[in-house]
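Chains, contacts and geometry: an overview
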Amino acid sequence: MITVHVREGCHLCDDALALLRPLAAEHGEPLEVVDIEADDDLHRRYLERIPVICLDGEELYDFFVDEADLRGRLRHRLGGR
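This is a predicted model, so every value here is computed, not measured.

**Section: the overall build of the protein**
A tally of helices and strands in the protein yields three helices and four strands. Against the 2.2 N^0.38 benchmark of 12 Å for 81 residues, the protein shows a C-alpha radius of gyration of 12 Å, consistent with a compact globule. Projected onto its principal axes, the C-alpha positions of the protein cover 40 × 20 × 15 Å. By the burial criterion, 37% of the 81 residues in the protein qualify as buried. As presented, the protein carries roughly 4900 Å² of accessible surface, and 48% of it is formed by carbon and sulfur atoms. One way to put it: in the protein the 10 positive side-chain charges average out to a point 5 Å from where the 19 negative ones average out.

In structure tokens, the structure reads:
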């Protein structure tokens, strides 16, 4: 699962989601969008770093998505397909 920590009005978050939605769909990967403002702990943890992108709970990227790296990770998980 790809998880993206975001907040309302964040243009970097919007950019990341625009890239991640089709990428997740292409690989059949669930995409979870988490609003950090709905949880005080997440807000404190991620406020200065959003968007934060995770794959299966592992934090991979802050601010921007490394599309080539993420594609490689997703391909690897699918056995090289």
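**A word on the pairing of strand β2 (residues 31-35)**
Consecutive residues of a regular strand have side chains that alternate between opposite faces of the sheet. Bridge count for strand β1 (residues 2-6) against β2 is five bridges, and the pairing is parallel. What sits directly across from Val6, in β2, is Asp35. Considered for its hand, the β-α-β crossover made up of β1, helix α1 (residues 11-26) and β2 is right-handed.

Cut-offs used in this document
- Residues numbered from 1 in each chain as written.
- Predicted model: local features only at pLDDT ≥ 70, side-chain atom pairs only at ≥ 80, totals over all residues.
- Heavy atoms only, no water.
- Helix = DSSP H or I, 4+ residues; strand = E, 2+ residues; numbered from the N terminus.
- Rg over C-alpha atoms; globule rule 2.2 N^0.38 Å.
- Buried < 20%, exposed > 50% of the residue type's maximum accessible area, 1.4 Å probe, protein only.
- Areas by Shrake-Rupley, 256 points an atom, 1.4 Å probe, with all protein chains shown as cover.
- Lys, Arg positive; Asp, Glu negative; His and termini not counted.
- Charge placed at Lys NZ, Arg CZ, Asp CG, Glu CD.
- Pairing = 2+ DSSP bridges.
- Right-handed = clockwise from strand over helix to strand, strands pointing away.

By themselves, these figures tell us nothing about what the structure is for.
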